[in-house]
Amino acid sequence: MIRSLRAFFLACHLREKLLLTGLAVGVAAIWLSSLAARTGRFVHSARITAATLSEQRLWLSRRPSIEASAQSAASRLDAVRTLDTTRLLAEVAAIAGESGLRSTTSGEARDVSSGQFSVHTLQFSVAKVDWGTLKDFYLALSKRSPYIGIEQFSIQVDRANPSLLSANFQISSVEIARN
Amino acid sequence: MCASPLAFLRAGPPPPRVVILPDAVFFSRSIEVPPAATEAEVVSQVGLALEALSPFPLAHLYYGYYRPPGAGRALAFASYRRRFTAEQVAHWANAEHVMPAFAAILACGAGPATTVVLAAAEGLTAVHWDRDPVPSAVLFHPLLPDAKDEERAQARDALIKAAGEAKSVIDAPSPPVAQPGGGEGEVVFRAGGLTSGLSRDAVAAIDIRDKADLAALARARRRDLLLWRGATGAVAACALFAVAELALVGAGLWQSARNTKVAAQKPTVAHVMDEKELADRIDDLSTKRLLPLEMLSIVSPETAEPKSPPSIQFLRATTSALNTIQIEAQTNNAGEIAGYKSALEQAPACERVEIRDQRTHDNLVTFTLIVTFRPGALMPASS
């Protein structure tokens, strides 16, 4: 068969041979280019998938130890004294009031829950407060640790009155579901 | 090409295009050559012999020769150029080989003392082998187209007798015809029951055309072969790509299955990650307290040991990690910054102190102080 095709090819005119060869080489080049690009994309995607699967396997294999770790962390807390979002806001507002803070604002609480455990986060701001009052609030808040914790804190001097301060707290509380 | 491509492919390659010339217009002679002579030496001796035999110079002749490798003899044959018309010569350009009829059967494998009688319309040709694979004599006897059988028989007998003592005589009643399907390295002719397989090299030497034209044809053939190899290489590559496409489709199915697995596991993994984050946060809340006011107390210019001048004022402070505080401060005495920094570096609770972004405006220098405390060095204030 090949010899028949070879004889047919060699019997063609030179321009026909050039055309046939050019077409064959052109098709091969275009196909190679397309195939190489798609193979490259596939290899990239396969590598990402392999990495994702590997990461997922790692997380799934660590699941028992993570659950044990969460249980262990929660065991240090008294479920009765943990606070949900409403109680957290009420508790912080009460402490602020007891410390003499007047100008306070709080943002909407955010919750992260895994079913049995939840962490509630609250942005709490105080404005135009003197250092002593702020310190009283801070110390009163610290006494509720570890049921209430400060995760982030910023403070700045009031531009109009340098003796007054404004502060922002990111306050968190843990809630353990009571069965 | 045939009507059916399959029939075309099954039919095999066509016979090579060979122009068989009448023996009547050729004269031939056997020339002794050293068996070890190279091809170039044989060509030279053939040329000299033909010039000696012919009344015409070599340039006025179409000539060729037959000499298998290692043979001690070469059969040279030639024809005066003017015996061929311009139309005939033009027709040769499309042919792969051009040769006299008797040259086609020279490789018929005849034994010693054998005479082959080739019949053609214009006469009979006797080719006689005495001992060598190269014939010792080639004789032609012209006959009229309407010659009777008796005349033909007489001519045959006369030719056999003139050719030399023959133990066997083989008759080839039809002129030689190139056969299809010859191997890559040879051209096969058949004349009656005779089969002659001439090697490509032998056919090239037998070809009577101008040697320059033959060289050009050889170059064109090499170019055509290169084109053929290029085309077949490209087609083979395409076949390989088709296989690769199939592999890619298969790999795509495998990848799709893996993606499905990733998607199926994603919610579970996200849940585990959330659990891990929660566990870490619960653990941090229970064991790692952020102590911002304690940090401020340690780095305050009024409390830092050794005491620093109180010209440095804090404007803003932010905790950026559990043990790190970033403070924007200002002073009207830039010289105090270095002293303050070294005082902090000497404090046992401080692990690293950095001063960044120093700027001056209206005699006030502002800067950013980043202090990292040693883990466990901060103690919660009691009151």
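Note that this is a predicted model, so its numbers are computed, not measured.

### Focus: the sheet that holds strand E3 (residues 61–66) of chain B
Residue and element names in this part refer to chain B. Strand order in this open sheet of three strands is E2-E4-E3, and the pairing throughout is antiparallel. Looking at which strands have only one partner, the edges of the open sheet turn out to be strand E2 (27–32) and E3. Across the sheet, the axes of successive neighbouring strands diverge by a mean angle of 25°, strand direction being ignored. Relative to strand E4 (residues 73–80), E3 runs antiparallel, the two sharing six bridges. Across the sheet, residue Leu61 finds its bridge partner in E4, namely Tyr80.

### Let's talk about the interface of chain B and chain A
Taken together, the contacts link 66 residues of chain B with 70 residues of chain A. Between chain B and chain A, roughly 6,400 Å² of surface is buried when both sides are summed, and carbon and sulfur atoms account for 69% of that area. For the chain B face of the interface with chain A, the top three residues by lost area are Trp228(B), Leu285(B) and Leu293(B), together amounting to 12%. Linking chain B with chain A are two salt bridges. As a salt-bridge pair, Arg38(A) and Glu245(B) come within 2.4 Å of each other at their nearest N and O atoms. Seen at the junction of chain B and chain A, the total is 17 residue pairs in polar contact (both at pLDDT 80 or more). Going through the elements one at a time, helix H1 (5–11), helix H7 (211–287), helix H8 (292–299) and strand E13 (313–321) of chain B are the ones with two or more residues in the side of chain B that touches chain A.

### Some thoughts on unusual backbone geometry
That bond from Ser145(A) to Pro146(A) is cis: its omega, 5°, falls within 30 degrees of zero. With respect to the helices, strands and loops of the structure, Pro146(A) is situated in the loop between helix H4 (131–143) and strand E4 (148–157). One non-glycine residue, Asp357(B), adopts positive backbone phi at about 50°. If you trace the backbone, Asp357(B) turns up in strand E15 (residues 350–361). The class of Asp357(B) is partly exposed, set by a relative accessible area of 49%.

### Focus: the environment of Leu88(A)
Residue and element names in this part refer to chain A. With respect to the helices, strands and loops of the structure, Leu88 is situated in helix H3 (residues 85–99). Look at Leu88 and you get buried, because its relative accessible area is 0%. Taking the C-alpha atoms as reference points, Leu88 and Thr121, 33 residues apart in sequence, are found 8.9 Å from one another. Residues in contact with Leu88, not counting those within four places in the same chain, are Leu83, His120, Leu122, Ile148, Ile171 and Ser173.

### Details of the environment of Asn259(B)
For Asn259(B), the position within the fold is in helix H7. In this structure the side chain of Asn259(B) is engaged in a polar contact, spanning 3.2 Å, whose partner is the side chain of Thr49(A).

### What about the confidence of the model for chain B?
Residues of chain B with pLDDT of at least 70 account for 93%, and the chain-wide mean is 87. Interface confidence for the predicted complex, expressed as ipTM, amounts to 0.70; the pTM equals 0.60.

### Focus on the side chain of Asp224(B)
With respect to the helices and strands, Asp224(B) occurs in helix H7. On the basis of relative accessibility, which here comes to 9%, the residue Asp224(B) falls in the buried class. For Asp224(B), the residues in contact, after removing those within four places along its chain, are Phe9(A), Leu10(A), Leu14(A) and Lys17(A).

### Remarks on the sheet that holds strand E7 (residues 123–129) of chain B
All names here are of chain B. Overall, mixed pairing links the four strands, which are arranged E8-E7-E6-E9 in an open sheet. This sheet does not close on itself; its edge strands, each paired only once, are strand E8 (137–142) and strand E9 (168–172). Strand-to-strand twist of the sheet, defined as the mean angle between neighbouring strand axes without regard to direction, takes the value 20°. Sheet topology note: the strand E6 (residues 114–120)/E7 ladder contains seven bridges and is antiparallel. Residue pairing for E7: Val117 is matched across the bridge by Ala126.

Cut-offs applied
- Residues numbered from 1 in each chain as written.
- Chains lettered and ligands numbered in written order.
- Predicted model: local features only at pLDDT ≥ 70, side-chain atom pairs only at ≥ 80, totals over all residues.
- Heavy atoms only, no water.
- Pairing = 2+ DSSP bridges.
- Helix = DSSP H or I, 4+ residues; strand = E, 2+ residues; numbered from the N terminus.
- Axes fitted to C-alpha atoms, helices over the stretch in contact; angles between N-to-C directions.
- Contact = heavy atoms within 4.5 Å.
- Buried area = accessible area lost by both parts, 1.4 Å probe.
- Salt bridge = Lys/Arg side-chain N within 4 Å of Asp/Glu carboxyl O.
- Polar contact = N/O pair within 3.5 Å; in protein donor to acceptor, adjacent residues only side chain to side chain.
- Buried < 20%, exposed > 50% of the residue type's maximum accessible area, 1.4 Å probe, protein only.
- pLDDT = per-residue confidence, 0-100.

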